[in-house]
Amino acid sequence: QVQLVESGGGLVQAGGSLRLSCATSGRTFSSYGMGWFRQAPGKEREFVAAISWSGGSTRYADSVKGRFTISRDNAKNIVYLQMNSLNSEDSAVYYCAARSIIAPTSRGSEYAYWGQGTQVTVSS
């Protein structure tokens, strides 16, 4: 069983930055592909970013490319999402997800484990 706990969300002004963290349990964290997704009110969940087990391969949604960076620290069992140049369109609940396959994927259905989410609100 893998447990995921997100943190780092909050209220930020447009143009600002936040760093989300996802702490995971389990001894096999380094063999998991990890992802970040988000869901705004009235909208479907959407892919944000994903990273391979080693951190050597990443994927991003077009809407966040060049602004967001996903990374991981396998020694600490944590995955991060650095978010810069935030705008109101980025406001959502952000979820961390894990799957027991080392490659990254943008498909939410391929992730077996999910955190409870952390709220990000960007004020204009």
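Up top is the structure these notes are about.
Structural notes, computed from the coordinates. Nothing here was measured: the structure is a model prediction, and the numbers come from that model.

**Digging into the overall build of the chain**
Summing up its helical and strand segments, the chain has 0 helices and 11 strands in all. Going from the N terminus to the C terminus, the chain shows its helices and strands as β-β-β-β-β-β-β-β-β-β-β. On C-alpha atoms alone, the chain measures out to a radius of gyration of 13 Å, which is about the 14 Å that the 2.2 N^0.38 rule sets for 124 residues. Taken across its 124 residues, the chain has 44% of its residues classed as buried.

**Brief notes about the pattern of salt bridges**
Applying the stated criterion to the full structure yields 6 salt bridges. Between D90 and R67 there is a salt bridge; the shortest N-O distance is 2.8 Å. With a gap of 23 residues between them, D90 in the loop between β8 (78-83) and β9 (92-99) and R67 in the loop between β6 (58-60) and β7 (68-73) connect regions that are remote in the sequence. Between R107 and E110 there is a salt bridge, with its nearest N and O atoms 3.5 Å apart. Judged by its relative accessible area of 55%, R107 is exposed. Counted as one network, the salt bridges with shared partners bring together R38, E46, R67 and D90.

**Here's the deal with the side chain of T105**
In this structure, T105 sits in the loop between β9 and β10 (113-114). A residue is classified by how much of its surface remains accessible, and T105, at 6% relative accessible area, is buried. Only 3.2 Å separates the side chain of T105 from the backbone nitrogen of R107, close enough to count as a polar contact. Excluding anything up to four places from it in sequence, T105 contacts F47, A50, R59, R99, E110 and Y111.

**A short note on the state of the cysteines**
Counted by the stated rule, this structure contains 1 disulfide. A sulfur-sulfur separation of 2.1 Å characterises the disulfide bridge that pairs C22 with C96. Because the sign of the S-S torsion sets the handedness, a value of about -80° for the bond joining C22 and C96 places this disulfide among the left-handed ones. Of this pair, C22 sits in strand β3 (residues 18-24) while C96 sits in strand β9, placing them 74 residues apart in sequence. The class of C22 is buried, set by a relative accessible area of 0%. Taking relative accessible area as the criterion, C96 reaches 0% and is therefore assigned buried.

**Considerations on the environment of Y32**
With respect to the helices and strands, Y32 occurs in the loop between β3 and β4 (33-39). Spatially, the C-alpha atoms of Y32 and Y94 are 19 Å apart, while their sequence positions differ by 62 residues. Residues in contact with Y32, not counting those within four places in the same chain, are V2, S52, W53, R72, A98, R99, S100, I101 and Y113.

The rules behind the values
Residues numbered from 1 in each chain as written. Predicted model: local features only at pLDDT ≥ 70, side-chain atom pairs only at ≥ 80, totals over all residues. Heavy atoms only, no water. Helix = DSSP H or I, 4+ residues; strand = E, 2+ residues; numbered from the N terminus. Rg over C-alpha atoms; globule rule 2.2 N^0.38 Å. Buried < 20%, exposed > 50% of the residue type's maximum accessible area, 1.4 Å probe, protein only. Salt bridge = Lys/Arg side-chain N within 4 Å of Asp/Glu carboxyl O. Polar contact = N/O pair within 3.5 Å; in protein donor to acceptor, adjacent residues only side chain to side chain. Contact = heavy atoms within 4.5 Å. Disulfide = S-S within 2.5 Å.

Purely spatial values, then, with no claim about function.
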